[in-house]
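What follows is each chain in one-letter form.
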Amino acid sequence: MNSSGGVLAVGNKQEGWCALLELAAREVFQLMLASDLTAPTAEITLPHEVTSMVGLAGQLCGVLSVRCDEKSATLMTSKMLGVEIDEAGADMSDALGEICNMVAGNFKNKITGLGDGCMLSPPTVITGSDYTTYTAGEKPALEVRLLFEAMPIVISLEIHS
Amino acid sequence: MPVRVLIVDDSSVMRKIVERSLRQAGIELTQVLEAGNGAEALATLQASPVDLILCDINMPVMDGLEFIKQLSGVVNAKGVPVIMITTEGSEAHVVQALSCGARGYIRKPFTPEQVKTQVIPALAGKS
């Protein structure tokens, strides 16, 4: 069996992928921001002011995104760089792109066969809330909702094929 | 030992984080040079010798693996250890980087301790 067979086997268990997606995000925030993501205990208002996206191509094709509000994004940048919040604004897009890139890389490295068989695009970061997205994917996105310093973030993976 | 380092990554945020991680790992940096891709890094090395290079793999213009391959033609890079820092964490990528001449490999996300574990032996073995 080649490695893509292993990926397809795992791909049938989306609940397993959600757990891996959450673990990948938690590790990135622990190691790079010294911050523990927590699970929300109640319904959260979905954030949408900053959206960072990384495309995946190869054995898994799709888009991984990290969404949060600007206040949250600025605090992430501040913690990542070890600078004051008022110094973090200029680096916010770059930092959010890197976070998304690391979550995507960490996620694919946790799935047998994907590390070699899936490439990541450079990150794209959208700021602003007045936009809609269209995806060619047929499956519903995997979504993980977490809190970063009590502020909501959403990590989602749209699988195209 | 004071170290002159070249950090190569297309993300300026990541370059700052790598520099901070080196300092947190207790490595004394006397000069920090930065480049946004392999081609810029080669040009930087033509003018400035360094003791250590930390390099991403996925970059525009010239990626990290091509950069290492071309290092053999740069006088200032002779014997200088190169450590890759990348999200590409598969075994095949590690083998490929090491076969191209990298002295170490750090997967993002990383801790300063992981940086230290790779950098100290690489500097000790610098020829």
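Note: the structure precedes this text.
Residues numbered from 1 in each chain as written. Chains lettered and ligands numbered in written order. Predicted model: local features only at pLDDT ≥ 70, side-chain atom pairs only at ≥ 80, totals over all residues. Heavy atoms only, no water.

K.L.:
Summarise helix α3 (residues 64-71) of chain B; cite the residues concerned and give the values.
P.N.:
All names here are of chain B. Buried within α3 we find Gly64, Leu65, Phe67, Ile68 and Leu71. Taken down its axis, α3 places every buried residue within 155° of arc, on the same side. On the buried face of α3, the contacting elements are α2 (38-47), β3 (52-55), β4 (82-86) and α4 (91-100). Of the residues flanking the start of α3, the one acting as N-cap is aspartate 63, its side-chain oxygen 3.1 Å from the backbone nitrogen of leucine 65. (Buried < 20%, exposed > 50% of the residue type's maximum accessible area, 1.4 Å probe, protein only. Helix = DSSP H or I, 4+ residues; strand = E, 2+ residues; numbered from the N terminus. Arc of directions from axis to C-beta. Contact = heavy atoms within 4.5 Å. Polar contact = N/O pair within 3.5 Å; in protein donor to acceptor, adjacent residues only side chain to side chain.)

K.L.:
Could you give me a rundown of the packing of helix α3 (residues 70-81) of chain A against helix α1 (residues 12-24) of chain B, with the residues and numbers involved?
P.N.:
Relative to each other, α3(A) and α1(B) sit at 35°, their axes nearing to 9 Å. Residue-level contacts link A:Lys79, A:Met80 and A:Leu81 of α3(A) to B:Val13, B:Met14, B:Lys16, B:Ile17 and B:Arg20 of α1(B). Residue classes in the contact of α3(A) with α1(B) are distributed as 5 nonpolar, no polar and 3 charged. (Axes fitted to C-alpha atoms, helices over the stretch in contact; angles between N-to-C directions. Nonpolar A, V, L, I, M, F, W, Y, C, P; charged D, E, K, R; others polar.)

K.L.:
Explain the pattern of salt bridges to me, and be specific about the residues and the numbers.
P.N.:
If you walk through the whole model with that rule in mind, you get 13 salt bridges over all chains. Here B:Arg15 ties to B:Glu34 by a salt bridge, and the two come within 2.7 Å at their closest N and O atoms. Note that B:Arg15 is positioned in helix α1 and B:Glu34 in strand β2 (residues 29-35), a separation of 19 residues in sequence. Residue classification places B:Arg15 among the buried residues on the basis of a relative accessible area of 14%. Taking the relative accessible area as the measure of exposure, B:Glu34 reaches 35% and is therefore partly exposed. Shared partners join several salt bridges into a network, and the residues in it are A:Glu98, B:Asp9, B:Asp56 and B:Lys108. (Salt bridge = Lys/Arg side-chain N within 4 Å of Asp/Glu carboxyl O.)

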